[in-house]
Amino acid sequence: MQYQSQKVAIPYFVGAIVLFVAQILFGLIMGLQYVMGDFLFPEIPFNVARMVHTNALIVWLLMGFMGAAYYLVPEEAETELHSPFLAKLMFWVFFAAAGLTVAGYLLVPYSTLADITGNELLPTMGREFLEQPTITKIGIVVVALAFLYNLGMTILRGRKTAINLVLMIGLVGLAVLFLFSFYNPTNLVLDKFFWWWVVHLWVEGVWELILGSILAFVLIKVTGVDREIIEKWLYIIIAMAFISGIIGTGHHFFWIGTPEYWQWWGSIFSALEPIPFFMMTIFAFSMVKQRRRNHPNRVATLWALGASVMAFLGAGVWGFMHTLSPVNYYTHGSQLTAAHGHMAFYGAYVMIVLTIISYAMPLLRGRTAANSERQQTLEIWSFWLMTIAMTLITLFLTAAGILQVWLQRVLDSPLPFMAAQDQLTVFYWMREFAGVMFLIGLLLYIASFFVGDKEPEASVKTIA
Amino acid sequence: MSEAFTKSMARNIFYGGAFFFLLLFLALTFDTINALPKLDNRAALESPVGPQIAKGKHLWEVNNCIGCHTLLGEGAYFAPELGNVYKRYGSNLDAVKGRIKGLISLPAEGIPMRRMPRFKFTDEEIAALAEFLKYASEINTSGWPPNDQG
């Protein structure tokens, strides 16, 4: 760590991990409700657990991105952050808004929450992933504006690097596209069409720029490879992400009342979407292979490599599996969608946030380069437990999805939804056990911050 | 990557590619908006039941129905698809209303299966929800879902 103001990243990273735990706990509740339908009913109905699960994920990833930006932008710009105070203040605004929103989900019926937050004035609630009360959405916009202002002023004053520029384009895009969440017409087709401008153009568009720049930053640090080479890779990866992903939005416009030509545009361009992820894998591995130094923080390198592989598998391979319209006709909105969603979010976004935390946290806590041997060993265990658990979750949901599609959509006399679900129970149970394994991995991850933190740092010699 | 391929070339591909495909996307969006009146069943929205459909969509949202169900395949996968539920119940509004009423008035305890929350809807609200679901089922979805089971 070279600049004092990078320390504002700490609360963002801690807040992210707190919400990560909440996300996983509510995921386990939902997993159990899939096999024990009335579990916690009526106190926590499935839809409430799901809101907490997905919204906590989105908010903690955003917090992770913000923490990453507050850490890496000053270092790249070679100057202190414009206003550390504003960054700290915005953390507490964001964290309080997230906490109040989750409390609202859990304590009152959703329609009451809509009433007391004045949803009538500007109805934006009740759409998937955008369930937050309108006032929370306005709060997110305020936090995002303050955040972009703070970073923008820092970059203007300092060195302009490709990593900072790409990160800023990604973050500005994120904020601008979020504004579409305030557009909610009665016309369902228009509603859905522009809802995807937030959802798809986030995760398959501008978020990939954020992912790419964090990955590039960490790879420069842990491999010592020349910046020119790394930034060249970054540009070509994000070029492919936009070239494939923008028109690739069309793979959501097959069956929602939009013109049929989207089946061509969407199928062809989304079939190209694995390319940037594949390039990311090649990029990460070849940079590590060409490394000019051995960094004592070997677990950060592991996370970076792991993210590149799992993002390719989850977003690339599992996405491609059901993206062509003749296939998607049968698989749309089934457990296959859930399988893809889980591994893609974990591989691309969860793992990249854990990569930057793994790299930056030891430095922020006063280490010169890395955590102790013991801490790293524990964190490596958590890496494998969480990654294998998520792979199992994905495989079980994939099996459930294939069977569901067969029973409910392919058979000559198709089963009703609930009858088909009853046939999937065994897969849902196995998914739940894999979920418990994920939780154990997460607890080990948290333990790695505390167990062995008084021991001396790992050095290159001790790991050689 | 080869030395002849420089960072500034890569940067130009990014800016050029992003700009070109963004423009193409906007052009396709413009065309889609113009084509929608033939596909999106807006005649229903402009008909006398239009206000009821709007009310039904609002109720759909403020009760977070998407948190369990899918609508045209989007949402949660815990409960049945509702984009075509009107057709599944024989294109009969009364059957849809009866089904909703039945599901929300099950006893709170003692039914060990996936359940719908006990929403307190008036008859008028149930009618609005049914009209909204009828409207959704008449959107031209290019033949999706493959059968009435959704």
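Residues numbered from 1 in each chain as written. Chains lettered and ligands numbered in written order. Predicted model: local features only at pLDDT ≥ 70, side-chain atom pairs only at ≥ 80, totals over all residues. Heavy atoms only, no water.

### Quick word on the overall build of chain B
For step 1, the next point in the chain: From N to C terminus, chain B includes six helices and two strands.
For step 2, the next point in the chain: Element order for chain B, N to C, with α for helix and β for strand: α-α-α-β-β-α-α-α.
For step 3, the next point in the chain: By the compact-globule yardstick of 15 Å for 150 residues, chain B is too spread out, its C-alpha radius of gyration being 22 Å.
For step 4, the next point in the chain: Each principal axis of the C-alpha atoms in chain B carries an extent, and together these give about 70 × 40 × 30 Å.
For step 5, the next point in the chain: Taking all 150 residues of chain B together, 50% fall into the buried category.
For step 6, the next point in the chain: The contacts of chain B with a sequence gap of at least 6 include a subset with a gap of at least 24, amounting to 54%.
For step 7, the next point in the chain: Counting every atom, chain B has about 7000 Å² of accessible surface; 61% of that belongs to carbon and sulfur. (Helix = DSSP H or I, 4+ residues; strand = E, 2+ residues; numbered from the N terminus. Rg over C-alpha atoms; globule rule 2.2 N^0.38 Å. Buried < 20%, exposed > 50% of the residue type's maximum accessible area, 1.4 Å probe, protein only. Contact = heavy atoms within 4.5 Å. Areas by Shrake-Rupley, 256 points an atom, 1.4 Å probe, with all protein chains shown as cover.)

### As for the pattern of salt bridges
For step 1, the next point in the chain: For the structure on display, the rule yields 20 salt bridges over all chains.
For step 2, the next point in the chain: Between A:Glu78 and A:Arg159 there is a salt bridge whose closest N-O contact spans 3.7 Å. Remark: A:Arg159 occurs in the loop between helix 5 (134-157) and helix 6 (162-178) and A:Glu78 occurs in the loop between helix 2 (46-77) and helix 3 (84-107); sequence separation between them is 81 residues.
For step 3, the next point in the chain: Given a relative accessible area of 45%, A:Glu78 falls into the partly exposed group.
For step 4, the next point in the chain: Here A:Glu231 and A:Arg227 are joined by a salt bridge, their closest N and O atoms 3.0 Å apart. Taken together, the positions of A:Glu231 and A:Arg227, both in helix 8 (residues 227-248) and four residues apart, correspond to about one turn of that helix.
For step 5, the next point in the chain: Connected via shared salt-bridge partners are A:Glu76, A:Arg227, A:Glu228, A:Glu231 and B:Lys7. (Salt bridge = Lys/Arg side-chain N within 4 Å of Asp/Glu carboxyl O.)

### Concerning a nonpolar patch on the surface
Residues and elements named next belong to chain B.
For step 1, the next point in the chain: There is a patch of nonpolar side chains on the surface, built from Phe19, Leu22, Leu23 and Leu26 and spanning about 390 Å² of accessible area.
For step 2, the next point in the chain: Mapped onto the elements, Leu22 comes out in helix 1 (residues 7-35).
For step 3, the next point in the chain: Overall, the relative accessible area of 42% leaves Leu22 in the partly exposed class. (Patch = residues over 30% accessible without salt bridge, like charges linked within 9 Å, V, L, I, M, F, W, Y side chains within 5 Å.)

### Let's talk about the domain arrangement of chain B
A common way to report how large an interface is uses the accessible area buried once the components associate.
For step 1, the next point in the chain: For chain B, the assigned domains read domain 1 (1-38) and domain 2 (41-150).
For step 2, the next point in the chain: Centre-to-centre, using C-alpha coordinates, domain 1 of chain B lies 38 Å away from domain 2 of chain B. (Domains from an automatic or database assignment.)

### Re the packing of helix 1 (residues 9-35) of chain A against helix 13 (residues 335-364) of chain A
Two quantities define a packed helix pair, namely the angle between the helix axes and the distance between the axes.
All names here are of chain A.
For step 1, the next point in the chain: Two numbers describe how helix 1 lies on helix 13: the axes approach to 11 Å, and their chain directions differ by 155 degrees. Between helix 1 and helix 13, the angle is such that the two are roughly antiparallel. Judged by the sense of rotation from one axis to the other, the crossing of helix 1 with helix 13 is left-handed. Taken together, the residues of helix 13 that come into contact with helix 1 (itself represented by Ala9, Ile10, Phe13, Val14, Ile17, Phe20 and Tyr34) are Gln335, Val350, Leu354, Ile356, Ile357, Ala360, Met361 and Leu364. (Axes fitted to C-alpha atoms, helices over the stretch in contact; angles between N-to-C directions. Parallel < 35°, antiparallel > 145°, perpendicular 65-115°, else oblique. Left-handed = near helix turned anticlockwise from the far one by under 90°.)

### Quick look at the interface of chain B and chain A
For step 1, the next point in the chain: Contacts between the two partners involve 72 residues from chain B and, on the opposite side, 85 residues from chain A.
For step 2, the next point in the chain: Counting each side, the surface lost to burial between chain B and chain A is near 6700 Å², with a carbon and sulfur contribution of 67%.
For step 3, the next point in the chain: When the buried area of chain B at its contact with chain A is split by residue, B:Lys7, B:Phe25 and B:Tyr77 rank highest and sum to 12% of it.
For step 4, the next point in the chain: There are four salt bridges connecting chain B and chain A.
For step 5, the next point in the chain: For the pair chain B and chain A, the interface holds 32 residue pairs in polar contact (both at pLDDT 80 or more).
For step 6, the next point in the chain: Mapped onto the side of chain B that touches chain A, the elements with two or more residues apiece are helix 1, helix 2 (42-46), helix 3 (50-62), strand 1 (70-71), strand 2 (74-75) and helix 6 (123-137) of chain B.
For step 7, the next point in the chain: In terms of residue count, helix 1 of chain B provides more of the side of chain B that touches chain A than any other element does, 19 residues in total.
For step 8, the next point in the chain: Looking at the side of chain B that touches chain A residue by residue, the classes come out as 42 nonpolar, 19 polar and 11 charged. (Buried area = accessible area lost by both parts, 1.4 Å probe. Polar contact = N/O pair within 3.5 Å; in protein donor to acceptor, adjacent residues only side chain to side chain. Nonpolar A, V, L, I, M, F, W, Y, C, P; charged D, E, K, R; others polar.)

### Concerning the side chain of B:Glu61
For step 1, the next point in the chain: Mapped onto the elements of the fold, B:Glu61 is located in helix 3.
For step 2, the next point in the chain: Not counting residues up to four positions away in its chain, the partners in contact with B:Glu61 are A:Tyr110, A:Met125, A:Gly126, A:Arg127, A:Asn184 and A:Asp191.

### With respect to the side chain of A:Ser5
All names here are of chain A.
For step 1, the next point in the chain: Tracing the sequence through the fold places Ser5 in the segment before helix 1.
For step 2, the next point in the chain: At a separation of 2.8 Å, a polar atom in the side chain of Ser5 contacts the main-chain amide nitrogen of Leu81.
For step 3, the next point in the chain: Once you skip the residues sitting within four places of it in the chain, Ser5 turns out to touch Glu80, Leu81 and Pro84.

### Re the nonpolar core
For step 1, the next point in the chain: Counting 206 residues, the largest nonpolar core has A:Trp60, A:Phe65, A:Tyr70, A:Trp202 and A:Trp207 as its most contacted members.
For step 2, the next point in the chain: If you tally residues by element for this core, the top one is helix 7 (residues 188-223) of chain A, at 26 residues.
For step 3, the next point in the chain: The residue makeup of this core includes at least three contributed by each of domain 1 (1-38) and domain 2 (41-150) of chain B.
For step 4, the next point in the chain: The residues contacting A:Trp60, other than those within four sequence positions of it, are A:Ala16, A:Leu19, A:Phe20, A:Gln23, A:Val350, A:Val353 and A:Leu354. (Core = buried A, V, L, I, M, F, W, Y, C linked by side-chain atoms within 4.5 Å.)

### Considerations on unusual backbone geometry
For step 1, the next point in the chain: Of note, the amide linkage connecting A:Phe41 to A:Pro42 takes the cis form, showing an omega dihedral of 5 degrees.
For step 2, the next point in the chain: Looking at where A:Pro42 falls in the secondary structure, it is placed in the loop between helix 1 and helix 2.
For step 3, the next point in the chain: A cis amide bond links B:Trp144 to the next residue, B:Pro145, at an omega of 0 degrees.
For step 4, the next point in the chain: Positionally, B:Pro145 belongs in the segment after helix 6.
For step 5, the next point in the chain: The backbone of B:Ser142 sits at a positive phi, close to 55 degrees, despite the residue not being glycine.

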